[in-house]
Amino acid sequence: MTVGTVDSTSVLRERAVTRVARQVTTTPGRMRLAGAGVVAALLVRAIVGGAAVRSRQRASSEVSGHDEALLVSAGTAYTSLADADATATNTFLEAGLESPTQRALYLADLAAAANALSTVSTGVGSSTEVQKALGVIDTELPIYTGMVESARANNRQGYPVGAAYLSEGSAIMQSQILPAVGQLYQGQAERLNQAYGSGRSAADVVGVAVFVLLALGLLVVAQRFVAHRTNRLLNPLMGAATVVVLVLAAWTVVAFAVSAGSLGTARSRGSDPVEVASSAQILVSRAQVDLNLALASRGSEPQHLADLSAVQSALGPAGGSTGLIAEAGRYPASDVSTGTNYAAFLKVLGTVVSAASSGQYTSAIAVATGGSSGDEVPAAGDLQRSLDKEVQSAQATFAAKAHSGAHDLSGLSLALAGLVVASALALLGLERRINEYR
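Attention in this report is confined to the structure presented alongside it. (Residues numbered from 1 in each chain as written. Predicted model: local features only at pLDDT ≥ 70, side-chain atom pairs only at ≥ 80, totals over all residues. Heavy atoms only, no water.)

What about helix α11 (residues 361-369)?
Helical geometry note: an α-helix holds 3.6 residues per turn, so side chains three or four residues apart project in the same direction.
Phase 1 of the analysis: Among the residues of α11, those classed as buried are Y361, A364, I365, V367 and A368. In a view along the axis of α11, the buried residues occupy a sector of 160°, so they form one face of it. (Buried < 20%, exposed > 50% of the residue type's maximum accessible area, 1.4 Å probe, protein only. Helix = DSSP H or I, 4+ residues; strand = E, 2+ residues; numbered from the N terminus. Arc of directions from axis to C-beta.)

Structure representation (structure tokens):
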């Protein structure tokens with residue numbers, strides 16, 4: 001490149017810079033700069049608002065669909081397996097052929113647990129903890145069912161070794177299988193809580209508010225500048241753009257607030273009561289297992305009664321203000337019969353424990369297996385059914401409110417399109433004043 005060419009290029013560059021500087025220092029040029037600033041602010045507002053809307057819509061969808069469904073499935077697997085163990089330990093308290101009804105209940109619980117675990121395993125993710133828990137369940141559940149079948153075979157022939165198989169199988173259920181299912185349940189509960197947090201994040205509202213104020217500030221400054229330069233007090237198109245931004249901002253904030261309120265209700269009156277009532281159901285089944293194993297061992301394994309005492313403490317006293325039963329009763333979904341059924345269940349437990357403690361195992365087993373009026377199985381069944389009503393009622397509330405939370409955000413994509421309209425109105429308003437100025 002020659003020296004002449006370099007000089008020519010420099011001259012052209014200097015002339016271009018001078019021309020741009022002259023345009024910027026003129027009133028029309030400043031108006032165009034103001035318009036560019038307004039459009040940029042509205043564009044940033046659209047980007048921030050769009051990201052916030054998508055984040056909340058994604059969180060609401062996760063709450064109302066994927067995460068809650070998996071949480072319910074994990075809870076179903078947990079309660080079904082716990083109930084299957086309670087049924088199995090009760091079935092073999094007496095020698096001989098087990099009740100067909102009890103056998104059917106046991107198999108139905110295993111089938112329900114298998115279906116629920118199949119659902120959970122396809123959606124809980126691939127983390128090391130999740131895969132380890134699934135591996136424990138896949139390995140230990142067949143061993144547990146094998147132990148139960150061995151206990152069944154020995155019990156039908158009157159061999160006392162059946163109780164040992166039953167105790168060992170229940171130990172596998174309580175120490176290996178249920179904790180693994182509980183880990184899956186806890187993982188889903190944490191994911192659901194994260195989705196709740198995302199769907200109710202205050203940062204989204206703050207971000208939208210900041211950029212709305214920025215856009216409104218630039219619109220006001222631009223209108224004052226135009227009014228000062230053109231002696232026109234009112235610019236209808238820019239005023240309309242300001243109104244559009246205000247309306248869209250109010251719509252977004254209100255939609256966020258309403259959606260967050262729906263998700264809050266879905267949690268406080270939906271998923272939280274489900275967790276409490278499901279936990280109570282699991283402990284009721286565990287209490288039955290403890291009592292049945294204590295009877296099957298004829299007092300040779302005192303750890304079962306010790307665990308029964310701990311379970312009763314967690315459930316709380318009858319008519320008390322502490323424990324899971326009392327906590328479940330504080331939710332709107334609570335069933336009025338739960339407290340009465342729990343008191344009846346505790347009374348039966350007390351009767352069985354008292355008889356067993358005095359060595360009257362025949363009488364204790366008669367009450368525990370249904371050979372006496374006021375026995376354990378119907379009392380536990382009544383309590384489980386009342387808790388199940390609470391679970392179903394809370395799930396219905398959750399489904400309605402979670403769906404509402406997602407629906408409340410469904411129209412906000414139109415609000416983003418409205419910002420394009422506001423930008424166009426602002427530019428048209430400025431362009432008219434520029435043309436008049438000329």
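Remarks on the nonpolar core
Phase 1 of the analysis: Counting 43 residues, the largest nonpolar core has L81, Y106, Y144, M173, I177, V181 and L184 as the members making the most contacts within it.
Phase 2 of the analysis: Not counting residues up to four positions away in its chain, the partners in contact with I177 are L81, I137, E140, L141, Y144 and I172.
Phase 3 of the analysis: One finds L93, L295, A296 and A356 within the second-largest nonpolar core, a separate group that totals 33 residues. (Core = buried A, V, L, I, M, F, W, Y, C linked by side-chain atoms within 4.5 Å. Contact = heavy atoms within 4.5 Å.)

Details of the packing of helix α7 (residues 236-296) against α11
Phase 1 of the analysis: Here α7 crosses α11 at 150°, and the two axes come no closer than 10 Å. Crossing angle aside, the handedness with which α7 passes α11 is left-handed. Two secondary-structure elements touch here, α7 through N292, A294 and L295 and α11 through Y361, A364, I365 and A368.
Phase 2 of the analysis: Residues belonging to the contact of α7 with α11 are distributed by class as follows: six nonpolar, one polar and no charged. (Axes fitted to C-alpha atoms, helices over the stretch in contact; angles between N-to-C directions. Left-handed = near helix turned anticlockwise from the far one by under 90°. Nonpolar A, V, L, I, M, F, W, Y, C, P; charged D, E, K, R; others polar.)

Quick look at the layout of surface pockets
Phase 1 of the analysis: In this structure, the largest pocket encloses a volume near 650 Å³.
Phase 2 of the analysis: What lines the largest pocket is a set of 29 residues, and nearest its centre among them are D83, D109, Q281, Q384 and D388.
Phase 3 of the analysis: At 11 residues, the largest contribution of residues to the lining of the largest pocket is made by helix α2 (residues 27-91).
Phase 4 of the analysis: Here the lining of the largest pocket is built from residues that sort into nine nonpolar, 15 polar and five charged. (1 Å grid on protein atoms, 1.4 Å probe; cavity = no way out; pocket = protein on both sides within 12 Å on 5 of 7 lines; lining within 4 Å. Points joined across faces, edges and corners; volume = space filled by probe spheres on them.)

Things to note about the environment of L291
Phase 1 of the analysis: Structurally, L291 is set in helix α7.
Phase 2 of the analysis: Looking at L291, the relative accessible area reads 1%, which means it is buried.
Phase 3 of the analysis: For the pair formed by L291 and V352, sequence separation is 61 residues and the distance between their alpha carbons is 8.1 Å.
Phase 4 of the analysis: In this structure L291 touches L305, L308, L349, V352, V353 and E376, once residues within four positions along its chain are discounted.

Some points on the pattern of salt bridges
Phase 1 of the analysis: The final tally for this structure, using the stated rule, is four salt bridges.
Phase 2 of the analysis: Across the salt bridge formed by D382 and R385, the nearest N and O atoms sit 2.6 Å from each other. Within this pair, D382 and its partner R385 are both found in helix α12 (residues 376-407), separated by three residues, close to a single helical turn.
Phase 3 of the analysis: Through salt bridges with shared partners, a single network forms among R103, E149 and R152. (Salt bridge = Lys/Arg side-chain N within 4 Å of Asp/Glu carboxyl O.)

Remarks on empty space enclosed by the protein
Phase 1 of the analysis: Counted according to the given criterion, the structure contains one cavity of 30 Å³ or more.
Phase 2 of the analysis: Empty space within the largest cavity amounts to approximately 40 Å³.
Phase 3 of the analysis: What lines the largest cavity is T87, A88, T91, F92, E98, Q102, R103, Y106 and V148.
Phase 4 of the analysis: Mapped by element, the contributors of at least two residues to the lining of the largest cavity are α2 and α3 (100-121).
Phase 5 of the analysis: Looking at the lining of the largest cavity residue by residue, the class counts come to four nonpolar, three polar and two charged.

Quick look at the packing of α7 against helix α10 (residues 338-357)
Phase 1 of the analysis: The contact between α7 and α10 brings their axes to 11 Å, and the two run at 15°. Taken together, the axes of α7 and α10 lie roughly parallel to each other. Handedness of the α7/α10 crossing: left-handed. For the pair α7 and α10, contact is made by V284, A287, Q288, L291 and L295 and by F345, L349, V352, V353 and A356, respectively. (Parallel < 35°, antiparallel > 145°, perpendicular 65-115°, else oblique.)

A closer look at helix α8 (residues 303-315)
Phase 1 of the analysis: With 13 residues, α8 extends 18 Å between its outermost C-alpha atoms, agreeing within 8% with the 18 Å of an ideal straight helix rising 1.5 Å per residue.
Phase 2 of the analysis: Listing the buried residues of α8 in full gives H304, L308, V311 and L315. End-on, the buried residues of α8 take up no more than an arc of 65°, which puts them together on one face.
Phase 3 of the analysis: Remark: G316 follows α8 within two positions and exhibits a positive phi of approximately 95°. (Expected span 1.5 Å × (residues − 1).)

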